[in-house]
Amino acid sequence: MTTPSAIQWFKTREGIYYMLLALLLVVILPLTLDPFRLSMTGKYLTYAFVAIGLVMCWGKAGILSLGQGIFFGLGGYCMAMFLKLEASTPEATAIQSTPGIPDFMDWNQLTELPWFWQPFHSFPFTLLAIIGVPVLLALIIGFTMFTRRVGGVYFSIMTQAVAAILTILIIGQQGYTGGVNGITDLRTLMGWDIRTDEAKMTLYFICVALLFGCLFIARMVQNRKLGRILMAMNAQETRVRFSGYDVAAFKIFVFCLAAAFAGIGGAMFTLIVGFMSPSFVGIVASIEMVIFCALGGRLSILGAVYGALLVNAAKSGLSESFPELWPFAMGALFIGVVMAFPNGLAGLYQSYIQPLEDRLFKGKQAEISSQSSAPISQPSKAEESDGYDSSMDNYSAEKS
Amino acid sequence: MNAAKKKGGDFLLAVEGLTVSFDGFKAVDNLSFYLDPKEIRVIIGPNGAGKTTVLDLICGKTKATSGSIKFAGKELTKLKEHQIVHCGVGRKFQTPSVFEDLTVFENLELSYPKGHSVMGALAFKRDAKVIEAVEEVAATIFLSDALNEPAASLSHGQKQWLEIGMLLIQKPDLLMLDEPVAGMSVAERKKTAELLRVITKNHTVLVVEHDMQFVGDIADRVTVMHQGKILSEGSIDHVKADPKVIEVYLGH
Ligand SMILES: Nc1ncnc2c1ncn2[C@@H]1O[C@H](COP(=O)(O)OP(=O)(O)O)[C@@H](O)[C@H]1O
Ligand SMILES: [Mg+2]
């Protein structure tokens, strides 16, 4: 994007929405929340990565994965393995019967580091694995399912099954994975203590920056022809196929993209919270992530961020006072959303608040469009969720 | 059949011994026919004769149980749907299937034969060539003024045209249309016939149609199907006079 069009973009409605989110996450929350609450917010934001992926995968392409916890967990475990190895120096673990290996391995009578733990001594490898491992698994699942034309409910059930299997595997292989407790007692990242308030603050900002990176990628995908194909595939898969597209390849791509986002979110979760456990991999966690996305609005990547923030804030608010009530509230919320406003908060916003904005903005929009001397074409429904990329979609503008 | 004697000639499409069986029921049974380049062939026959299934088999939507489909020398039965499209076969469905949420422009653009891989679709740019191609096709299908309208707002007939346009922009060598005028008003039928006359100038076309008036207007040759087999084949006058055809199809 060239500079003048980038400046123009910030004046569009979509640009303003992004700036408002940035303002909230970068300025308002850090100024108003104490370090503990801010770190909590950071934790909620790690779920937003998953929710953005679900918007692309489920909202746009119609592929409902009920197993995104798999990828969140894998990214998180990759990071946790690196941090655990760093915390398990021979000096720190001198009292163990085998010093230099993670404590839970020692408790489980392991006497040497398993082969698949070895590469996690390397930070570059770990960074690669945080994205690579989830993507590789998504590729395998996607390839086996989508080339066989398994879709819809069957696909959702398969992802649940994989989530369940992975959880059982992690819990069962205690010596290799830390079992049901997960990988705990993480301390430093390349010598930098991640438990201090300053570190938590820094991690929060890294998380926000990465989130905007993912939002940018998702936005680019949805505004390119690729995004329109995903939407078209959702509604008219056969027509897409007979327009000459290999539908399976597009499904695999978007599923892998969602897995990559989830993996990054998981890794940030481990850093911010300081541990990783199988409860974030399993069926319940995966379904919760779908609820964040549904509530925020499954067609809107920005909505997904707000959905993750709000549901989690409500969850911690409610479960601090009435812990037993939360599952019911969550269930009711989900059913309510699906029945009453299937496009979630973003959908509500579009139908009730945007018309008000329209009246306010009218003068201003006219000014902008006269400047660029091109009529602003009506964005199709496919892009209305997050506005549209004026450089791509204004057919009349390109023509002139 | 004299077509069989021409075997090995310069057919664009050669279908031989094509059979598909759905749980033992042979919807298409040992079917053979041949299309010359630039020929307009119409398939007629009673409901359930297997006409749609023949098109499904050629475009890869349904896999053949046995037999062969050679298109411009390539065997299609082993290829995937999108590969068959890339070979130059375009298919229009019986019920209009367009992308309702996208505009007419975007519908045509999606079918433009470029950027069909994932990375290609990510890198795809709406350049002057694309716009030109879209406008040209839009003019052919009477939708020049509706380019920025969402496809959902089009009438039934306009959707049918849009889908035909989505085929045209692919620049296929063979166009297959399944009942293109079904459900259209009289005025729309006339325009569609006009549209087909334009299309048939430089494409090979395989049409399934019931409207005999319409068939007579456009067909070079007609193939009559009944119970998965060919009942009769030849010029419109030839099949109209065939007693077997009168008995099973035209008689009622
Ligand atoms: N996928 C399928 N599975 C089972 N039977 C099918 C399938 N497709 C078509 N048929 C059957 O094959 C026969 C021919 O159908 P079709 O080709 O649609 O006929 P038409 O000539 O009316 O287009 C019908 O009896 C139909 O029920
Ligand atoms: Mg039919």
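Before reading further, recall that the structure is shown in the block above.
Residues numbered from 1 in each chain as written. Chains lettered and ligands numbered in written order. Predicted model: local features only at pLDDT ≥ 70, side-chain atom pairs only at ≥ 80, totals over all residues. Heavy atoms only, no water.

### With respect to the overall build of chain A
Reasoning step 1: Along the backbone of chain A there are 19 helices and 2 strands.
Reasoning step 2: Each of the 400 residues in chain A was classed as buried or not, and the buried ones make up 52%.
Reasoning step 3: For chain A, the proportion of contacts with a sequence separation of at least 24, taken over those separated by at least 6, is 77%.
Reasoning step 4: With an accessible surface of roughly 17,300 Å², chain A has 69% of that area assigned to carbon and sulfur atoms. (Helix = DSSP H or I, 4+ residues; strand = E, 2+ residues; numbered from the N terminus. Buried < 20%, exposed > 50% of the residue type's maximum accessible area, 1.4 Å probe, protein only. Contact = heavy atoms within 4.5 Å. Areas by Shrake-Rupley, 256 points an atom, 1.4 Å probe, with all protein chains shown as cover.)

### As for the overall build of chain B
Reasoning step 1: The secondary structure content of chain B amounts to 11 helices and 10 strands.
Reasoning step 2: Its C-alpha atoms give chain B a radius of gyration of 18 Å, within 12% of the compact-globule value 18 Å for 252 residues.
Reasoning step 3: By its C-alpha atoms, chain B is 55 × 40 × 35 Å across when sized along the principal axes.
Reasoning step 4: Counting across all 252 residues of chain B, residues that qualify as buried make up 56%.
Reasoning step 5: Counting only contacts in chain B whose residues sit at least 6 apart along the sequence, the fraction spanning at least 24 positions is 66%. (Rg over C-alpha atoms; globule rule 2.2 N^0.38 Å.)

### Quick look at helix α8 (residues 186–200) of chain B
Residue and element names in this part refer to chain B.
Reasoning step 1: If you check α8, its first and last C-alpha atoms are 21 Å apart, about what 15 residues at 1.5 Å a residue would give, namely 21 Å.
Reasoning step 2: Residues of α8 that are buried include every one of E188, T192, A193, L195, L196, I199 and T200, and no others. Seen along its axis, α8 keeps its buried residues to an arc of 165°; they face one direction. Every exposed residue of α8 that faces more than 90 degrees away from the buried side is listed here: V186, A187 and K190.
Reasoning step 3: Along its buried surface, α8 packs onto β3 (40–44), α6 (128–140), α7 (156–168), β7 (174–178), β8 (204–208) and α9 (212–218). (Expected span 1.5 Å × (residues − 1). Arc of directions from axis to C-beta.)

### Here's the deal with the coordination of the magnesium ion (ligand 2)
Reasoning step 1: Looking at the magnesium ion (ligand 2), one finds its protein donor set to be T52 of chain B (OG1) and Q94 of chain B (OE1), positioned 2.0 to 2.7 Å from the metal centre. Remark: Q94 of chain B occurs in the loop between β6 (89–92) and α4 (104–111) and T52 of chain B occurs in helix α2 (residues 51–59); sequence separation between them is 42 residues. (Donors = N, O, S within 2.8 Å, 3.2 Å for Na, K, Ca; no water.)

### Let's talk about the packing of helix α3 (residues 35–60) of chain A against helix α13 (residues 283–296) of chain A
Residues and elements named next belong to chain A.
Reasoning step 1: The geometry of α3 relative to α13 is characterised by a closest axis approach of 9 Å and an angle of 70° between their N-to-C directions. With respect to each other, α3 and α13 are oriented roughly perpendicular. Contacts from Y47, V50, A51, L54, V55 and W58 of α3 reach α13 at M289, V290, F292, C293 and A294.
Reasoning step 2: For the contact of α3 with α13, the per-class residue count stands at 11 nonpolar, no polar and no charged. (Axes fitted to C-alpha atoms, helices over the stretch in contact; angles between N-to-C directions. Parallel < 35°, antiparallel > 145°, perpendicular 65-115°, else oblique. Nonpolar A, V, L, I, M, F, W, Y, C, P; charged D, E, K, R; others polar.)

### Some words on unusual backbone geometry
Reasoning step 1: In this structure, M190 of chain A is a non-glycine residue whose phi angle is positive, near 50°.
Reasoning step 2: The phi angle at K171 of chain B is positive, at roughly 50°, despite the residue not being glycine.
Reasoning step 3: Relative to the assigned elements, K171 of chain B resides in the loop between α7 and β7.

### Topic: the pattern of salt bridges
Reasoning step 1: Scanning the model with the defined rule gives 26 salt bridges over all chains in all.
Reasoning step 2: Between E163 of chain B and R239 of chain A there is a salt bridge, with its nearest N and O atoms 2.5 Å apart. Separated into two different chains, E163 of chain B in helix α7 and R239 of chain A in helix α11 (residues 237–241) make up a pair that spans both.
Reasoning step 3: Owing to a relative accessible area of 0%, E163 of chain B belongs among the buried residues under this scheme. (Salt bridge = Lys/Arg side-chain N within 4 Å of Asp/Glu carboxyl O.)

### Focus on the layout of surface pockets
Any empty space left between the atoms is revealed when a probe the size of a water molecule rolls over them.
All names here are of chain A.
Reasoning step 1: Space inside the second largest pocket adds up to approximately 450 Å³.
Reasoning step 2: Listing elements by their share of the lining of the second largest pocket, those giving two or more residues are α4 (68–87), α6 (123–146), α7 (152–172) and α8 (174–177).
Reasoning step 3: For the lining of the second largest pocket, the leading source of residues is α4, giving 4 residues.
Reasoning step 4: For the lining of the second largest pocket, a count of residues per class yields 14 nonpolar, 2 polar and no charged. (1 Å grid on protein atoms, 1.4 Å probe; cavity = no way out; pocket = protein on both sides within 12 Å on 5 of 7 lines; lining within 4 Å. Points joined across faces, edges and corners; volume = space filled by probe spheres on them.)

### Overview of the site of ligand 1
Residues and elements named next belong to chain B.
Reasoning step 1: Surrounding ligand 1, one finds F22, F25, A27, P46, N47, G48, A49, G50, K51, T52 and T53.
Reasoning step 2: Between ligand 1 and K51, the relevant distance is 2.8 Å, taken from an oxygen atom to a main-chain nitrogen or oxygen of the residue.
Reasoning step 3: A distance of 2.5 Å separates an oxygen atom of ligand 1 from a polar side-chain atom of T53.
Reasoning step 4: At 3 residues, the largest contribution of residues to the shell around ligand 1 is made by α2.
Reasoning step 5: Here the shell around ligand 1 is composed, by residue class, of 5 nonpolar, 5 polar and 1 charged. (Near = heavy atom within 4 Å. Polar contact = N/O pair within 3.5 Å; in protein donor to acceptor, adjacent residues only side chain to side chain.)

### Thoughts on the packing of aromatic side chains
Centre distance and the angle of the planes are the two values used to describe a pair of aromatic rings.
Reasoning step 1: In total, this model carries 23 aromatic pairs over all chains according to the counting rule given.
Reasoning step 2: Geometrically, the ring pair formed by F72 of chain A and F269 of chain A is edge-to-face, given 5.4 Å between the ring centres and 65° between the ring planes. Separated by 197 residues along the polypeptide, F72 of chain A in helix α4 and F269 of chain A in helix α12 (residues 247–273) bring together distant segments of the chain. The residues F72 of chain A and F269 of chain A share a single accessibility class, namely buried.
Reasoning step 3: Taken together, the ring pairs in this structure connect Y47, F72, F269, F275, F280 and F292 of chain A into an aromatic cluster.
Reasoning step 4: Over the aromatic face of F124 of chain B sits the side chain of K225 of chain A, whose NZ or CZ is 4.1 Å from the ring centroid.
Reasoning step 5: Sitting over the ring of W58 of chain A, R298 of chain A keeps its end group 5.1 Å from the ring centre. (Phe/Tyr/Trp six-rings, centres within 6.5 Å; stacked < 30°, edge-to-face > 60°. Lys NZ or Arg CZ within 6 Å of the ring centre and 35° of its normal.)

### Some remarks on the interface of chain B and chain A
One frequently used descriptor of interface size is the decrease in accessible area upon assembly of the parts.
Reasoning step 1: Counting residues at the interface gives 41 residues for chain B, matched by 33 residues for chain A.
Reasoning step 2: Summed over both partners, the interface of chain B with chain A comes to about 3,300 Å²; 61% of that surface belongs to carbon and sulfur atoms.
Reasoning step 3: Across the pair E109 of chain B and R228 of chain A runs a salt bridge whose closest N-O atoms are separated by 3.1 Å.
Reasoning step 4: Here chain B and chain A share 13 residue pairs in polar contact (both at pLDDT 80 or more) between them.
Reasoning step 5: Those elements that place two or more of their residues in the side of chain B that touches chain A are α3 (81–87), β6, α4, α5 (118–123), α6 and α7 of chain B.
Reasoning step 6: Among the residues making up the side of chain B that touches chain A, the classes are represented as 19 nonpolar, 10 polar and 12 charged. (Buried area = accessible area lost by both parts, 1.4 Å probe.)

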